[in-house]
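The primary structure of each chain is shown beneath.
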Amino acid sequence: MKLFTAMRPLPRLPYHTSLAEQQSVRLWGTQYVRHFGMMQVVRRVQDGVGVAIGFCDTVTGRPLSTILPKELAPVLQTVTGQGSSTYTQSRGFRPSAPQPAPWHVSPPTPPTTDLKAPNPPPEQLRAVMRLLSQSVVVCTAAGHDSMPRAMTMSSFTSLTLKPTPVITFNVATPSRTLDAIAASRGFNIHILSGDASGAAVADHFTRGNVGDDLFAGLDGVVVEQSAAAVPPLLRGKGVVHVLRCRLLDDEPSRGFVKVRDHMIVVAEVVEMISGVESKEFGLAYADRKYRQVGGVISND
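It should be emphasised that the depicted structure is a prediction, and the values quoted were computed from it without experimental measurement. (Residues numbered from 1 in each chain as written. Predicted model: local features only at pLDDT ≥ 70, side-chain atom pairs only at ≥ 80, totals over all residues. Heavy atoms only, no water.)

Side note on the overall build of the chain
Within the chain, the secondary structure is distributed over 7 helices and 13 strands. Counting contacts in the chain only where the partners sit at least 6 residues apart, residues at least 24 apart contribute 65% of the total. Of the roughly 19200 Å² that the chain leaves accessible, carbon and sulfur atoms contribute 59%. (Helix = DSSP H or I, 4+ residues; strand = E, 2+ residues; numbered from the N terminus. Contact = heavy atoms within 4.5 Å. Areas by Shrake-Rupley, 256 points an atom, 1.4 Å probe, with all protein chains shown as cover.)

What follows is the structure, given as structure tokens:
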């Protein structure tokens, strides 16, 4: 069926047309108008997606397809009718060249969250949590397909020290890194320096497990991996310590506790590897920004 590209007037009904024929033509006319209206909606959605793609490319310097998970790429192509970069250029957008500003330490700023805003409970909790600083680490693993995986996380913490050190964090599901951890039952946690170099490493792995080379573009960082099944080890600028971990074998969970759409991971620390020296505390995150631990509150 040929799609209508312009509204044409409905045919005038002759006087000798029967009642049934008149009703048939009116029904066709109603479907015609509905179809045309739907096509207008589709075009508006496509235009809106095009604007979003262009805004993302311009502001971040990275195509939207590199930020979205791989599973959403077919959805994006279905809505736009073509690939993201092609659609962006056809709509007149010209993505800026990827020239990210260098990471640097800025003066402290007060929290931007509004705790008095009338939000639903999930958003209220999100606003409260923005006031709390969280540790930022990078986890690397190697799955059964021998593909390296990595992710930046802010839920890492120690759980107990006896009889062996145990750490924990949680991951939203589904996750390729979580699948790799489950397959190999081992991973590395990289403690990052609380400065620009640590923030650069953390930000690199927030884009997800996309692209042919997960580690391409890491400045001053060397990736060590003795075998395909061994978790990658990052050494260099921004990495002050590495914890080699293995999932806890305690029954019945064996290192995994599922809570709704998240998986809590519990693991033993089997080795600690020193990295670069740093006089700063570890990298933190609060109010949607990387943070550097600063002043001391005391009663001395």
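Points about the side chain of Glu268
Note on placement: Glu268 falls in strand E11 (residues 262-274). Here Thr164 takes part through its side chain, which lies 2.7 Å from a polar atom of the side chain of Glu268. Setting aside residues up to four positions removed in sequence, Glu268 forms contacts with Thr164, Pro165, Val166, Arg244, Cys245, Arg246 and Leu248. (Polar contact = N/O pair within 3.5 Å; in protein donor to acceptor, adjacent residues only side chain to side chain.)

Remarks on a nonpolar patch on the surface
Residues Leu115, Leu125, Val128, Met129, Leu131 and Leu132 make up a contiguous nonpolar surface patch of roughly 530 Å² in combined accessible area. Inspection of the secondary structure puts Leu115 in the loop between helix H4 (84-90) and helix H5 (121-129). (Patch = residues over 30% accessible without salt bridge, like charges linked within 9 Å, V, L, I, M, F, W, Y side chains within 5 Å. Salt bridge = Lys/Arg side-chain N within 4 Å of Asp/Glu carboxyl O.)

Considerations on the pattern of salt bridges
One pass over the structure, following the stated rule, counts 7 salt bridges. Residue Arg291 pairs with Asp287 through a salt bridge whose shortest N-O separation is 4.0 Å. Since its relative accessible area comes to 7%, Asp287 is described here as buried. (Buried < 20%, exposed > 50% of the residue type's maximum accessible area, 1.4 Å probe, protein only.)

Considering unusual backbone geometry
With omega at 0 degrees, the peptide bond leading from Thr173 into Pro174 counts as cis. As for its placement among the helices and strands, Pro174 is situated in the loop between strand E5 (166-172) and helix H6 (176-184). Note that the residue after Glu251, namely Pro252, is joined by a cis bond; omega there is 5 degrees. Relative to the assigned elements, Pro252 resides in the loop between strand E9 (239-247) and strand E10 (256-259).

Considering the packing of aromatic side chains
Counting across every chain of the model gives 4 aromatic pairs. A centroid spacing of 5.6 Å and a plane angle of 70 degrees characterise the contact between Trp103 and Tyr290, whose relative ring orientation is edge-to-face. In this pair, Trp103 sits in the loop between H4 and H5 while Tyr290 sits in strand E13 (residues 289-291), placing the two residues 187 residues apart along the sequence. Tyr290 gets classed as partly exposed once you look at its relative accessible area, which sits at 23%. Taking 5.5 Å as the distance between ring centres and 85 degrees as the angle between the ring planes, the aromatic pair formed by Phe169 and Phe187 counts as edge-to-face. Within this pair, whereas Phe169 is found in strand E5, its partner Phe187 is found in strand E6 (residues 186-192), the two being separated by 18 residues in sequence. A relative accessible area of 1% places Phe169 in the buried class. (Phe/Tyr/Trp six-rings, centres within 6.5 Å; stacked < 30°, edge-to-face > 60°.)

Some remarks on the pairing of E5
With 5 of its 7 residues buried, E5 lies for the most part within the structure. What sits between strand E4 (residues 157-160) and E5 in their antiparallel hairpin is a turn of 5 residues. (Pairing = 2+ DSSP bridges.)

Section: the confidence of the model for the chain
Across the chain, pLDDT averages 77, with 66% of residues at or above 70. Scored below 50 in pLDDT, residues 1-17 makes 19 contacts in the model with residues more than four places away or belonging to other chains. Across residues 57-61 the pLDDT falls below 50, and counting only partners more than four positions away or on other chains, this stretch makes 11 contacts in the model. (pLDDT = per-residue confidence, 0-100.)

Looking at H6
All buried positions along H6 are accounted for by Thr177, Leu178, Ala180 and Ile181. Viewed end-on, H6 has its buried residues packed into an arc of 160 degrees, placing them on one side of the element. Between a side-chain oxygen at the N-terminus of H6 and the backbone nitrogen of Thr177 the separation is 3.3 Å; the capping residue is Ser175. Residue Arg185 follows H6 closely and has a positive phi angle near 60 degrees. (Arc of directions from axis to C-beta.)

Here's the deal with the sheet that holds strand E12 (residues 284-286)
Adjacent strands of a sheet pair through backbone hydrogen bonds, lying either parallel or antiparallel. Spatially, E1-E12-E13 is the arrangement adopted by the 3 strands of the open sheet, whose pairing is antiparallel. Looking at which strands have only one partner, the edges of the open sheet turn out to be strand E1 (134-135) and E13.

Here's the deal with the environment of Val276
Its location among the elements puts Val276 in the loop between E11 and E12. For the pair Val276 and Val240, spaced 36 residues apart in sequence, the C-alpha to C-alpha distance is 4.8 Å. Leaving out residues up to four positions away in the same chain, Val276 has contacts with Gly236, Lys237, Gly238, Val239 and Val240.

Quick word on the side chain of Asp287
Among the secondary structure elements, Asp287 is positioned in the loop between E12 and E13. Beyond its immediate sequence surroundings of up to four residues, Asp287 is in contact with Pro110, Pro111, Thr112, Thr113 and Arg130.

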